[in-house]
Amino acid sequence: AYGSSIISRNWILTTAGNLYNRYRVRVFAGLIDRSNIIEAEYSSGEIYNTSLKIHPDYDEKSPEKFNIALIHLCRSIQLSLNVDIAKLPLSQHKD
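Reference entry: report on the structure contained in this document. (Residues numbered from 1 in each chain as written. Predicted model: local features only at pLDDT ≥ 70, side-chain atom pairs only at ≥ 80, totals over all residues. Heavy atoms only, no water.)

## Overview of the overall build of the protein
Argument step 1. Each helix and strand in the protein was counted, giving 1 helix and 5 strands.
Argument step 2. A total of 95 residues make up the protein; the buried ones form 22% of that total.
Argument step 3. Considering only intrachain contacts with a sequence separation of at least 6, the fraction spanning at least 24 residues in the protein is 59%.
Argument step 4. Summed over its atoms, the accessible surface of the protein is roughly 7000 Å², and 52% of this surface lies on carbon and sulfur atoms. (Helix = DSSP H or I, 4+ residues; strand = E, 2+ residues; numbered from the N terminus. Buried < 20%, exposed > 50% of the residue type's maximum accessible area, 1.4 Å probe, protein only. Contact = heavy atoms within 4.5 Å. Areas by Shrake-Rupley, 256 points an atom, 1.4 Å probe, with all protein chains shown as cover.)

In structure tokens form, the structure reads like this:
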């Protein structure tokens, strides 16, 4: 999937459009340009998914709405200096 973020060692956040009508995907964590072999040393290798979770309200006819999805990986991503979990902001929600 393109334009994805690692949110844990087993979960990838991406757009629903990347996954729509797909059942299996390959993830190359840390690989920015698949045509550049030199970058392979910075990658965590090829990992397949165990499940894909697309937002239930996503509609390919209105891709600007609910365009979010999760990829659950079959194994953990090996973290390194070049491959790490995205730093997400803490919630500012007040009860």
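## Observations regarding unusual backbone geometry
Argument step 1. A positive phi angle, close to 65°, is found at N21, a residue other than glycine.
Argument step 2. Counting through the fold element by element, N21 comes out in the loop between α1 (16–19) and β3 (26–28).
Argument step 3. Under the relative-accessibility criterion, N21 is labelled exposed at 61%.
Argument step 4. Of note, F66 is a non-glycine position whose phi angle comes to about 55°, a positive value.
Argument step 5. With respect to the helices, strands and loops of the structure, F66 is situated in the loop between β4 (46–54) and β5 (69–73).

## Topic: the packing of aromatic side chains
One pair of aromatic rings is described through two measures. These are the centre distance and the angle between the planes.
Argument step 1. Tallied over the entire structure, the rule returns 1 aromatic pair.
Argument step 2. Centre to centre, the rings of Y20 and Y58 are 5.6 Å apart; their planes meet at 65°, and the pair counts as edge-to-face. Of this pair, Y20 sits in the loop between α1 and β3 while Y58 sits in the loop between β4 and β5; the two residues are 38 residues apart in sequence, bridging distant segments of the chain.
Argument step 3. Residue Y20 is classed as partly exposed on the basis of its relative accessible area of 30%. (Phe/Tyr/Trp six-rings, centres within 6.5 Å; stacked < 30°, edge-to-face > 60°.)

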